[in-house]
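# Descriptive structure summary
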Amino acid sequence: MADSDTPHPPRLLPDALHHSVKPGTALLRLETTRLREGILDGAWWPRSRDIAAELPRLITKLSRHLGPITRVGLDASAWEELPTRLIIDDRVVHLDSFPVGDDTVLITRGDRDHFSLLVVPPQATPDAARAAMAQAVRADNITTAEQILIDTSTNPAHSNPAERGRTEQRGGDST
């Protein structure tokens, strides 16, 4: 059997790569299966909430793997400003505001092919971000983006266990 006939297993990013993340570097991981049976198709860790600065890099990377991206759905309240379109790599990409939450971005390729990505908050620690991204790209993942962020202590509202404990001791009253 020729080497070219041997099936090659999908390659994932090595964990060591995530330990050496430099400030200002956005990370993207996509599910490695073509079945796309999970709730999420990948994860994105932007470095800021400036959509005009962050989105072009995401779209450029995604286009290399998925083909041309035509639309992006985001929750406008999660980003500093949300224009209605951006020109990225000489293509117009339309931006739609949906109340999807700040933990999800919807990517559209073609007319009806949608990809849902977990958005890791920019302020997340590398370990928490890596854990959240790893869960999101699992082919058997049935956990929502919001719950992944809570489970990995990536969600800012749930990221401080000491504060959570004090709130629970006060009966849930955070005032």
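All of these numbers come straight from a predicted model, not from anything done at the bench.

With that out of the way, let us pick up the confidence of the model for the chain. It should be kept in mind that the predicted coordinates are not to be read in detail where pLDDT is low. In the predicted model, the chain carries a mean pLDDT of 74, and 66% of its residues have values of at least 70. In the predicted structure, residues 6-25 sits below a pLDDT of 50 and forms 22 contacts with residues beyond four places in sequence or in another chain. Low pLDDT, under 50, characterises residues 158-175; the predicted model gives this stretch 7 contacts beyond four residues in sequence or across chains.

This part takes up the pairing of strand S6 (residues 104-109). Bridge count for strand S3 (residues 69-74) against S6 is 4 bridges, and the pairing is antiparallel. Note on S6: the bridge partner recorded for Arg71 is Thr108. Note: S6 against strand S7 (residues 113-119), 6 bridges, orientation antiparallel. Within S7, the position partnered with Thr104 by the bridge is Leu118.

Here Thr154 lies in the loop between helix H4 (145-151) and helix H5 (161-169). The class for Thr154 is buried, based on a relative accessible area of 4%. For Thr154, the side chain forms a polar contact with the main-chain oxygen of Ala128, separated by 3.3 Å. Discounting chain neighbours no more than four positions away, the residues touching Thr154 are Val120, Pro121, Ala124, Ala128, Ala129, Ala132 and Leu149.

Counting buried residues along S7, 5 of its 7 residues qualify, which places the element largely inside the surrounding structure. By the bridge criterion, 3 bridges tie strand S2 (residues 42-45) to S7 in an arrangement that is parallel. Paired with Gly42 across the two strands is Leu117, which belongs to S7. The hairpin turn running from S6 into S7, its antiparallel successor, is 3 residues long, and Gly110 in that turn takes a positive phi close to 70 degrees.

The next point concerns the nonpolar core. By size, the foremost hydrophobic cluster in this structure holds 21 residues, and its most contacted members are Trp44, Leu55, Ile59, Val72, Val105 and Ile107. Within the residue set of this core, elements represented by two or more residues are helix H2 (51-66), S3, strand S4 (85-88), strand S5 (91-97), S6 and S7. At 6 residues, H2 tops the list of elements feeding residues into this core. The next biggest cluster of nonpolar side chains, apart from the first, holds 13 residues, and it includes Leu40, Ala43, Leu118 and Ala136.

With that out of the way, let us pick up the packing of aromatic side chains. What characterises a pair of aromatic rings is the spacing of the ring centres plus the angle enclosed by the ring planes. Here the structure, examined in full by the defined rule, presents 1 aromatic pair. Judged by centre distance (5.7 Å) and plane angle (20 degrees), the rings of Trp44 and Trp79 are stacked. Taken together, the residues Trp44 in strand S2 and Trp79 in the loop between S3 and S4 connect sequence positions 35 residues apart. Across this residue pair, the class does not change: Trp44 and Trp79 are buried. Note that Arg47 overlies the ring of Trp45, its terminal NZ or CZ placed 3.9 Å from the centroid.

Criteria and thresholds
- Residue numbers restart at each chain and count upward from 1, following the sequence in its written direction.
- With the structure being a predicted model, the display of local features is reserved for residues of pLDDT at least 70 and the display and counting of side-chain atom pairs for 80 or more, all residues being used for whole-chain, interface and lining totals.
- Only heavy atoms go into the side-chain values, all of them from the structure, while hydrogens and water stay out.
- Confidence of the prediction at every residue is given by pLDDT, a number between 0 and 100.
- The criterion used for residue contact is that any of the two residues' heavy atoms lie within 4.5 Å.
- By this definition, two strands are paired if DSSP reports at least two bridges between them.
- Helix and strand labels come from DSSP, where a helix needs a run of H or I of at least four residues and a strand needs a run of E of at least two; each type is numbered from the N terminus.
- Only protein chains enter the accessibility calculation, which uses a 1.4 Å probe; a residue is then buried when its area is under 20% of its type maximum, exposed when over 50%, and partly exposed in between.
- The term polar contact refers here to a pair of N or O atoms within 3.5 Å; inside protein, the definition further demands a hydrogen-donor-capable atom paired with an acceptor-capable atom, and it admits residues adjacent in sequence only when both atoms are side-chain atoms.
- The set of buried Ala, Val, Leu, Ile, Met, Phe, Trp, Tyr and Cys residues whose side-chain atoms join them within 4.5 Å is what this entry labels a nonpolar core.
- Two aromatic rings, drawn from Phe, Tyr or Trp (for Trp, its six-membered ring), form a pair once their centres lie within 6.5 Å of each other, and the interplanar angle then sorts them: stacked below 30 degrees, edge-to-face above 60, tilted otherwise.
- As a reminder, the over-ring test applies to NZ of lysine and CZ of arginine, requiring each to be within 6 Å of the ring centre and within 35 degrees of the ring normal.

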